[in-house]
Amino acid sequence: MRSTMIKAGAALGAAAALLFAGTAQAATTVSSGHVDVLALAYDDNANKLDLNVELANGTVLEPADVLFDVHSAHQVTTTSATNCRTDLGTNWVLPRLETAGKLWAGWNTEALNLASFGGSVTADLLSYTAPSGGQVAVYDASTNTTRLHTDPACDDGAIAVTETHHHPTWVFTQPGTYTLTFQLSATHTTDGAVTSDPVTYTFDVG
């Protein structure tokens, strides 16, 4: 489970945006189309899990080199709040189904054999930063299952990745800069307990 959960205010969000802007020239901005935000892999030689970003064309990138642009086309207005999902009013939503002009964000385990990990690898949310009042939810609309939420009261601080390829719905409740730091953990059938290095993803919302 996550260790220390950090809820940043607007000032910290702004600082994070400025910090990232300083390295923006080296970053790839992804604003639409198919992208596996969590692309899982396993290094048999090092007995270590790896977490990357994979684009639709097969390009694999380090999460630190990617900025996800959750722009105004992702805005959805709700007439009532949904507990541990959406706030009343404007939310920014990455849809479950592919939609032109929007990010279609998911994950894949195609670079490892899930059966070798008992069918599941856990992506623990170690920490996050968000604009004031901002939360992130990841859920499966078809099964009504929350896969991740940044509010500890929602009790979902880790994603159990059990699919070869999957696209849930992502929700950001406020505009601003969000960072999510994940670490993979699992038990390999022959190598035992294995982990990845912590990696941080950055989303520019609004």
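Quick note: structure is the one above.
Please read these numbers as outputs of a predicted model, since none were measured by experiment.

The rules behind each value
- Residues numbered from 1 in each chain as written.
- Predicted model: local features only at pLDDT ≥ 70, side-chain atom pairs only at ≥ 80, totals over all residues.
- Heavy atoms only, no water.
- Pairing = 2+ DSSP bridges.
- Helix = DSSP H or I, 4+ residues; strand = E, 2+ residues; numbered from the N terminus.
- Phe/Tyr/Trp six-rings, centres within 6.5 Å; stacked < 30°, edge-to-face > 60°.
- Buried < 20%, exposed > 50% of the residue type's maximum accessible area, 1.4 Å probe, protein only.

### Examining the sheet that holds strand E3 (residues 48-55)
On the basis of which strands lie adjacent, the open sheet formed by five strands has the order E4-E3-E2-E8-E13 and mixed pairing. Whereas interior strands pair on both sides, the edge strands pair on one side only; in this sheet they are strand E4 (60-61) and strand E13 (165-166). Two elements, strand E8 (residues 103-111) and E13, share two bridges in a ladder whose sense is antiparallel. Looking across to E13, one finds that Asn108 is bridged to His165.

### With respect to the packing of aromatic side chains
If you walk through the whole model with that rule in mind, you get seven aromatic pairs. Relative to Phe117, the ring of Tyr42 has its centre 5.1 Å away and its plane inclined at 85°; by these criteria the two rings are edge-to-face. Placement of the pair is Tyr42 in strand E2 (residues 33-43) and Phe117 in the loop between E8 and strand E9 (121-129), with a sequence separation of 75 residues. Each member of the pair Tyr42 and Phe117 is classed as buried. Judged by centre distance (4.9 Å) and plane angle (20°), the rings of Phe68 and Phe203 are stacked. Here Phe68, found in strand E5 (residues 66-70), pairs with Phe203, found in strand E17 (residues 199-205); they are 135 residues apart in sequence, far enough to count as distant. Considered together, Phe68 and Phe203 belong to a single accessibility category, that of buried residues. Here a set of aromatic residues connected by ring pairs shows up, and it is made of Phe68, Trp170, Phe172, Tyr178, Phe182, Tyr201 and Phe203.

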